[in-house]
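Chains, contacts and geometry: an overview
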Amino acid sequence: MPRKGMRSIFFRSSSPSRTSIPPSSPSLRFSESLMEDNIEIVESLLKKWDSDFSTYAKITSLFHGDRTVAKQYIHSVKGLQSAMQYLVTQNAASDKLVKAQNLMERDMKRLEKEFYQILSANRDHLDPESVSTRSSRSSASRSRLSISDLEDDELEDELPVAGESKSEVKRVSVAAMADLKSIADCMISTGYAKECVKIYKIICKSIIDEALYHLGVEKLSLSQMKKMDWEVLELKIGNWVKAVKIGVKTLFHGERILLDHVFSASVAIKESCFAEISRESAMRLFGFPELVAKCKKSPEKIFRTLDLYEAISDLWPEIETIFSYESTSVIRSQAISSLINLGDSVRTMLVDFEKAILKDSSRTSVSGGGVHPLMRYVMNCICFLADYSGVLADIVADWALVLQSPLPESYLGSPGPEDSPISIRIALLILVLLCKLDGKAKFYKDVALSNLFLANNLQYVVVKVRTSEPETSSCQQYASNYELMGWSRVFESLPENPTIEISPEQAKVCFKRFNTAFGEAYRTQKSWVVTNPKLRDEIKVSVAKKLGSVYRSFYSRYQFRFGSEAIVKYAPDDLENYLSDLLYRRGGAGSISSSYLSSHLRSRLSR
């Protein structure tokens with residue numbers, strides 16, 4: 001039996017049976033000679049490279065220059081291992097085996113030191129971000145790279161000449177990865193994997209933790225986040241969205257590449273090492289969105305919540321690949337849990353958003369019949385929601401549609417086969433909004449202005465969502481209603497057929513009635529607005545065309561019949577000038593009210 005403390009790995013290699021080789025066999029004598037040579041070589045190298053006895057060994061690395069010394073050292077360790085395996089077959093209690101074991105312990109101590117020094121000295125070159133950017137180049141050959149397996153000319157080809165600016169960092173990092181793999185292979189094969197892995201875990205875990213700290217990823221509790229002002233939490237969310245992309249695509253990806261290379265000799269070691277290095281930091285990274293989802297919800301937070309959902313969703317293929325080990329399944333589960341909770345949070349906020357629109361009870365009418373602040377705010381939110389249509393499609397895919405308030409049947413239609421769940425949801429929000437605006441139109445005492453208000457707001461929807469026939473047709477109907485109601489008295493003041501001859505007295509009455517009706521219409525509508533330029537032009541052209549043609553004919557026939565009497569107040573060209581001055585925004589008329597948003601709507605949306 002081997003002496004106490006001897007590594008069991010020495011018994012794994014097959015060796016000839018002691019009874020199968022006679023003591024006088026030439027093969028046995030050759031093995032004894034080779035065994036003694038191997039022990040002597042190792043002993044000689046240790047005398048030179050034992051830092052306890054050599055100042056030179058304290059300040060010089062085995063892995064310097066062309067790595068000739070390192071290759072000799074690695075080969076000598078393999079020779080020593082062969083010698084020990086042979087000695088075990090002959091006499092497991094021999095003094096030579098004890099000596100060989102002591103030499104092996106000293107060898108491993110030296111390699112352990114080299115492993116630590118290489119990792120520590122090359123932190124900047126072996127950080128996961130640097131490693132991940134090189135992963136796509138020659139990945140297959142890199143995975144097989146080992147200094148002990150390379151000839152001098154192969155090493156020269158693998159490591160670019162140091163004079164080139166870009167090649168220098170690459171040369172150092174590739175060499176360091178090769179050195180680490182060479183040491184790891186040797187220590188694993190000789191049964192000293194534990195010592196090697198311990199060093200690797202300590203250093204690489206600190207690199208990951210430090211990198212995430214500099215990216216702003218903090219360890220926060222739910223109670224801490226609930227106490228934060230939304231402005232502070234919003235900044236942290238924005239920072240996290242940037243950090244998670246770097247964390248997944250560079251830090252954890254690069255660490256997985258480095259581990260797969262250095263510990264390619266053992267799948268079990270790669271898995272356990274990566275799990276221990278990444279688990280705590282990855283759980284902290286992917287746990288943040290779930291905490292956000294558990295905080296107080298309000299519609300104004302929906303966009304940042306969608307940012308979180310979109311970030312994880314976009315990175316999921318990489319997350320699934322990088323954390324594919326069974327031992328890292330808890331990290332995948334945390335990412336999925338965050339997605340589920342974020343989705344629930346978004347659905348809740350969509351419902352709250354619809355309720356906030358329905359609960360709006362302001363009786364404020366917009367000066368001039370312009371676009372209502374509620375319309376502007378809600379439609380802007382809906383347009384922003386449309387930017388997230390991809391992730392929203394996932395979130396609402398299996399979500400049953402429940403109306404918060406009954407809508408008029410005329411607003412509802414059967415969804416077509418091409419209508420997606422998210423388009424139906426957005427359409428519902430718009431319908432709820434339009435119903436609300438119908439009610440607000442009743443606050444205008446002037447029916448013409450009420451119709452202009454509806455035309456303005458519906459046109460705003462048409463422009464925002466690029467809808468077609470039904471909404472555009474309704475908008476034109478409201479515009480026609482405005483013309484009919486707003487200019488009916490003006491039209492009625494003129495003869496139905498201006499070409500029919502009437503008496504001068506009748507003409508005088510018509511001119512006076514027209515002067516009064518047109519003046520009143522102009523003064524009344526001077527403060528009215530049509531915010532959309534296209535709709536404004538269409539309305540004004542329509543009014544000018546209908547009114548102008550009738551009045552010009554009447555004017556041409558009767559203007560010279562009254563002598564010096566000031567009966568005719570407006571020439572046809574005057575009408576065009578007056579009409580062109582109408583329906584423009586003046587002094588902020590129809591503009592969005594910041595006080596309305598802050599004091600009324602936002603208070604509703606945050607309840």
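A brief report on the enclosed structure follows. (Residues numbered from 1 in each chain as written. Predicted model: local features only at pLDDT ≥ 70, side-chain atom pairs only at ≥ 80, totals over all residues. Heavy atoms only, no water.)

To continue, consider the overall build of the protein chain. From N to C terminus, the protein chain includes 24 helices and 0 strands. Residue burial in the protein chain is summarised as follows: out of 607 residues, 47% are buried. A sequence separation of at least 24 residues applies to 82% of the contacts in the protein chain between residues at least 6 apart. Here the protein chain displays about 30,000 Å² of accessible surface, and carbon together with sulfur accounts for 53% of that area. (Helix = DSSP H or I, 4+ residues; strand = E, 2+ residues; numbered from the N terminus. Buried < 20%, exposed > 50% of the residue type's maximum accessible area, 1.4 Å probe, protein only. Contact = heavy atoms within 4.5 Å. Areas by Shrake-Rupley, 256 points an atom, 1.4 Å probe, with all protein chains shown as cover.)

Judged by nonpolar contacts, the single largest core of 160 residues is most densely connected at Phe 115, Tyr 200, Phe 263, Phe 286 and Trp 487. With 13 residues, helix α12 (residues 230-262) is the largest single contributor of residues to this core. Setting aside residues up to four positions removed in sequence, Trp 487 forms contacts with Tyr 482, Phe 518, Ala 521, Gln 525, Val 543, Leu 547, Leu 579 and Leu 582. (Core = buried A, V, L, I, M, F, W, Y, C linked by side-chain atoms within 4.5 Å.)

On the surface, Val 447, Leu 484 and Met 485 cluster together into a nonpolar patch covering about 280 Å² of accessible area. Accessibility expressed as a relative area gives 46% for Val 447, which makes it partly exposed. (Patch = residues over 30% accessible without salt bridge, like charges linked within 9 Å, V, L, I, M, F, W, Y side chains within 5 Å. Salt bridge = Lys/Arg side-chain N within 4 Å of Asp/Glu carboxyl O.)

On inspection of all chains with the given rule, the structure shows 23 aromatic pairs. A ring pair is formed by Phe 514 and Tyr 551, whose centres lie 4.2 Å apart and whose planes are at 20°; its orientation type is stacked. With Phe 514 in helix α21 (residues 504-525) and Tyr 551 in helix α22 (residues 533-558), this pair connects stretches of sequence that are 37 residues apart. Neither residue differs from the other here; Phe 514 and Tyr 551 are each classed as buried. Ring centres 5.5 Å apart and planes at 85° place the aromatic pair Tyr 570 and Tyr 578 in the edge-to-face group. Owing to a relative accessible area of 33%, Tyr 578 belongs among the partly exposed residues under this scheme. (Phe/Tyr/Trp six-rings, centres within 6.5 Å; stacked < 30°, edge-to-face > 60°.)

The next thing to look at is the pattern of salt bridges. Counted under the stated rule, the structure contains 20 salt bridges. In this structure, the salt-bridge partner of Glu 276 is Lys 201, at a minimum N-O distance of 2.7 Å. In this pair, Glu 276 is assigned in helix α13 (residues 267-293) and Lys 201 in helix α10 (residues 193-214), connecting sequence segments 75 residues apart. On the basis of relative accessibility, which here comes to 18%, the residue Lys 201 falls in the buried class. Here Arg 489 ties to Glu 520 by a salt bridge, and the two come within 2.5 Å at their closest N and O atoms. Residue Arg 489 is located in helix α20 (residues 469-492), and its partner Glu 520 is located in helix α21; the two are separated by 31 residues in the primary sequence. Residue class for Glu 520 comes out partly exposed when judged on its relative accessible area of 30%. Connected via shared salt-bridge partners are Lys 205, Asp 209 and Glu 280.

The first and last C-alpha atoms of helix α19 (residues 447-465) sit 27 Å apart over 19 residues, in line with the 27 Å expected at 1.5 Å per residue. By the criterion of burial, α19 is predominantly enclosed, with 15 of the 19 residues buried. The distance from a side-chain oxygen at the start of α19 to the backbone nitrogen of Ala 448 is 2.8 Å, and the residue carrying that oxygen is Asp 446. (Expected span 1.5 Å × (residues − 1). Polar contact = N/O pair within 3.5 Å; in protein donor to acceptor, adjacent residues only side chain to side chain.)

Looking now at the packing of helix α16 (residues 373-386) against α19. Where α16 meets α19, the axes come as close as 11 Å, and the angle between the chain directions of the two elements is 15°. In this view, α16 runs roughly parallel relative to α19, as classed from their interaxial angle. In this structure, the crossing between α16 and α19 has a hand that is right-handed. Contacts between α16 and α19 involve Met 375, Arg 376, Met 379, Asn 380 and Cys 383 on the former and, on the latter, Asn 457, Tyr 460, Val 461, Lys 464 and Val 465. Of the residues that constitute the contact of α16 with α19, the class distribution is 6 nonpolar, 2 polar and 2 charged. (Axes fitted to C-alpha atoms, helices over the stretch in contact; angles between N-to-C directions. Parallel < 35°, antiparallel > 145°, perpendicular 65-115°, else oblique. Left-handed = near helix turned anticlockwise from the far one by under 90°. Nonpolar A, V, L, I, M, F, W, Y, C, P; charged D, E, K, R; others polar.)

This brings us to the environment of Tyr 309. Considering the arrangement of structural elements, one finds Tyr 309 in helix α14 (residues 302-322). Assessed through its relative accessible area of 10%, Tyr 309 is described here as buried. The spacing of Tyr 309 and Glu 290 is 19 residues in sequence and 9.9 Å in space, taken between C-alpha atoms. In contact with Tyr 309, not counting residues within four places along its chain, are Leu 339, Leu 342, Gly 343, Val 391, Asp 394 and Ile 395.

This paragraph deals with the environment of Arg 513. Looking at the secondary structure, you find Arg 513 in helix α21. Placed 21 residues apart in sequence, Arg 513 and Glu 492 show a C-alpha to C-alpha distance of 9.0 Å. In contact with Arg 513, not counting residues within four places along its chain, are Glu 492 and Ser 493.

Before going further, it helps to examine α14. The terminal C-alpha atoms of α14, which comprises 21 residues, lie 29 Å apart, in line with the 30 Å expected from a rise of 1.5 Å per residue. At Trp 316, α14 shows its maximal kink, close to 55°; a proline, Pro 317, follows between one and four residues later. (Bend = angle between axes of the 7 residues up to and from the residue.)

With that out of the way, let us pick up a negative patch on the surface. Taken together, Asp 229, Glu 231, Glu 234 and Glu 300 make up a surface patch of like negative charges. Structurally, Glu 234 is set in helix α12. (Lys, Arg positive; Asp, Glu negative; His and termini not counted. Charge placed at Lys NZ, Arg CZ, Asp CG, Glu CD.)

Attention shifts here to the side chain of Asn 532. Within the element layout of this structure, Asn 532 appears in the loop between α21 and α22. Ignoring anything within four residues of it in the chain, the contact list for Asn 532 reads Gln 459 and Val 463.

Enumeration according to the criterion identifies 0 disulfides in this entry. Free of any disulfide, Cys 186 has its nearest cysteine sulfur in Cys 196, 9.8 Å distant. Cysteine Cys 204 shares no disulfide, and the gap to the nearest cysteine sulfur, in Cys 273, comes to 7.2 Å. (Disulfide = S-S within 2.5 Å.)

A word on the packing of helix α18 (residues 421-441) against α19. Two elements in contact, α18 and α19, have axes whose closest approach is 9 Å; the angle formed by their N-to-C orientations is 165°. With respect to α19, the element α18 is oriented roughly antiparallel. Two packed elements cross with a definite hand, and for α18 against α19 that hand is right-handed. Where α18 abuts α19, its residues Ile 430, Leu 434, Leu 437, Asp 438, Lys 440 and Ala 441 lie against Ser 450, Phe 453, Leu 454, Asn 457, Leu 458, Val 461 and Val 465. Split by residue class, the contact of α18 with α19 holds 9 nonpolar, 2 polar and 2 charged.

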